[in-house]
Structure formats: structure tokens, C-alpha cells
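Examination of the molecular architecture
Read off the chains here:
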Amino acid sequence: MNLKSSLLFFLIICNINFSQQKMNLDILQGIKNPVLVGDTIKLEQNTYHAFIKMEEAAKKDGINLKIVSAHRGYERQKFIWNRKFKKFTEEYSLEPIKAIYEIIKYSTIPGTSRHHWGTEIDIIDEDFSDEENVLMSSKYEKKGIFYEVKQWMNSNSEKFGFYITYNNDPERKGFEHEPWHYSYAPVSKKMLALFLKSDLKKLIKKDEINGSEHFTEEFIEKYKNENILDINPNLK
Ligand SMILES: [Zn+2]
């Protein structure tokens, strides 16, 4: 190879690398979808296959797992965020910053949701799938309708790679305890590592997100340290 063609080859490789990184970032932000598998509920492919194995094992023990939320794209998260912001500021007359702190107890800023990655699942008991407002902590506690599912997940989910993301450690900051939300560690750990390489300040598309004028540098730093990083240590 002469100098000219080596240089050309080098530039092509750089370009592929750059597009690859850009694509990975788009996937992490929910703008582009990872390779997804599933019919109505979609998951990243390795997560999907691990879930199927776990679902079969649960069935043998008489437990019917049901996913109510899996992959969620950027637009969907934006809709959730903006709807909550409107509700909290208009219906409940909260100051914008108070509304934001209320939203980030359970919901993420669009572009930063782990549900964008296709590795996260929100689990209920299929036998009670007609129930309204399923994702409530009390339903997973003793006497709650999802207690049995929760007990089964406590004893078995980690064998299949699924870890509770926002655990009940009282010292943990960030999102509230979500007894229904599990993450497929073998893939999501890699996704998190990649995500942390990005600049959150640039990544958050302020012009599309209600209340984003209140996302100061300190706010974003705190959000990163608490909401993104203060998770189950097994997922880091
Ligand atoms: Zn979730």
C-alpha cells in the first residue's frame, strides 16, 4: 500500500469509528433503536433471550411474569416528561423546579432513560394484568398482589442476569425504590459505561423539554451523580 492509499484507508477507518460512536450514542439516548426483539414489548436481543429463560423457569414454579414496560424511545419519554411537567405546574400549581424534582422521583429526563437501552423491564404478575396502576410499591409488599412475583424475583432473577436497578437501600439517592424495575446486567453495564463517556449537558436537548431552562450545571451534575449513578452497585 502506498502512502496515499494508507492515508485513505486510515481516514475510512476513523470515519467508521466515528459513525459507530455516534450511532451508539443515538441508541443510548433512545433516538435510534438497538436491535430489538419481541412483538409488542421490545427488548435488546440478549436481554430478550435471557428474559425468555427466566420466564420459563418462573412458569415451572407457578409464577407468570409479565413485562409492562421494556424498550422506550426518546419521543415516548419526551411525551411522558412534558405531560408530567404540565400536570405538576398547571394542575398542582408547583413552581417549575419543584415540579422537576417531583418528576425525577420516578421519571427520567428524555435521552437519559435506561429504558432507551432495551435492557430494562418493569415486571408484574400476569394473573393480575387487568389491575389499574400496577406500578405501585405497596403492591409488591406483603399482602400486595405482586408479592409472590417479587419473592420469586428476589430469589431467582440474578441467576438470569436481572438485577433490581433502584433498590431499597435507604442510603441510596436519586430515583425512588422501584420494586418492579430490573436491568439485564451483562448488557446494561456496558451501556452505562458508554453513556458515562457522553457529555450530559450536550446530550439533553433543552429546547424540546419543558422546564429545561432550570437545568443548571449544578442540577445536571446532581442528576448524574444521584439519578444515573446511585443505583444498585451490581449494575456498575
Ligand atoms: Zn422501569
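So, here's what we can say about the structure. The structure displayed is predicted, hence computed values, not measured ones. (Residues numbered from 1 in each chain as written. Predicted model: local features only at pLDDT ≥ 70, side-chain atom pairs only at ≥ 80, totals over all residues.)

A short note on the overall build of the protein chain
Rules: In DSSP terms, a helix is any run of H or I states spanning at least four residues, a strand is any run of E spanning at least two, and both are numbered starting from the N terminus. Exposure classes come from backbone-placed C-beta atoms, where a residue is buried if 20 or more other C-beta atoms lie within 10 Å of its own, exposed if 12 or fewer do, and partly exposed in between. Any two residues are considered in contact once their C-beta atoms, placed from the backbone, lie within 7 Å.
Counting its secondary structure elements, the protein chain contains 8 helices and 6 strands. The order of helices and strands in the protein chain, counted from the N terminus, is α-β-β-α-β-α-α-β-α-β-β-α-α-α. For the C-alpha atoms alone, the extent of the protein chain along its principal axes is close to 75 × 50 × 35 Å. Relative to its full complement of 236 residues, the protein chain shows a buried share of 32%. Long-range pairs, those at least 24 residues apart, make up 72% of the contacts in the protein chain between residues at least 6 apart in sequence.

A closer look at the packing of helix 3 (residues 74–91) against helix 4 (residues 96–103)
Each pair of packed helices gets described by two things: the angle between the helix axes and the distance between those axes. Going by this rule: Only the stretch in contact is used when fitting a helix axis, every axis being a line fitted to C-alpha atoms; angles between N-to-C directions are given from 0 to 180 degrees. Here the word oblique covers every angle except those under 35 degrees (roughly parallel), over 145 (roughly antiparallel) and from 65 to 115 (roughly perpendicular). The hand of a helix crossing depends on one turn: near helix anticlockwise from the far one by less than a right angle means left-handed, and clockwise means right-handed. Amino acids are sorted into nonpolar (Ala, Val, Leu, Ile, Met, Phe, Trp, Tyr, Cys and Pro), charged (Asp, Glu, Lys and Arg) and polar (every other residue, Gly among them).
Contact geometry for helix 3 and helix 4: axes closest at 9 Å, N-to-C directions at 130 degrees. It follows from the interaxial angle that helix 3 and helix 4 lie oblique. The handedness of the crossing between helix 3 and helix 4 is right-handed. Here Trp 81, Lys 84, Phe 85, Phe 88 and Thr 89 of helix 3 lie close against helix 4, whose contacting residues are Pro 96, Ala 99, Glu 102 and Ile 103. Residues that form the contact of helix 3 with helix 4 fall into these classes: 6 nonpolar, 1 polar and 2 charged.

So, helix 6 (residues 185–195)
Let me state the cut-off plainly: To be clear, the arc concerns the directions from the helix axis to the C-beta atoms.
Inspection of helix 6 places Ala 185, Val 187, Ser 188, Met 191, Leu 192 and Phe 195 among the buried residues, and these make up the whole buried set. Down the axis, helix 6 shows its buried residues gathered within 160 degrees of arc, on one side only.

Some words on the environment of Ile 41
Mapping Ile 41 onto the fold places it in the loop between strand 1 (36–37) and strand 2 (43–44). Sequence separation between Ile 41 and Trp 152 is 111 residues; the distance between their C-alpha atoms is 22 Å. Each residue touching Ile 41, except ones within four places of it in the same chain, is listed here: Ile 67 and Ala 70.

Digging into the nonpolar core
What counts, and what does not: One nonpolar core equals one set of buried Ala, Val, Leu, Ile, Met, Phe, Trp, Tyr and Cys residues connected by C-beta atoms within 7 Å.
One finds Phe 51, Met 54, Ile 121, Ile 123, Ile 124, Val 149 and Met 191 to be the most contacted residues of the largest nonpolar core, which totals 31 residues. Listed by contribution, the elements that provide at least two residues to this core are helix 1 (3–28), helix 2 (45–60), strand 3 (65–69), strand 4 (120–125), helix 5 (147–156), strand 5 (162–164), strand 6 (181–184) and helix 6. Discounting chain neighbours no more than four positions away, the residues touching Val 149 are Ile 63, Leu 65, Ile 123, Ile 124 and Asp 125. Core analysis: the next-biggest nonpolar cluster, separate from the first, contains 9 residues, Trp 81, Phe 88, Ala 99 and Ile 104 among them.

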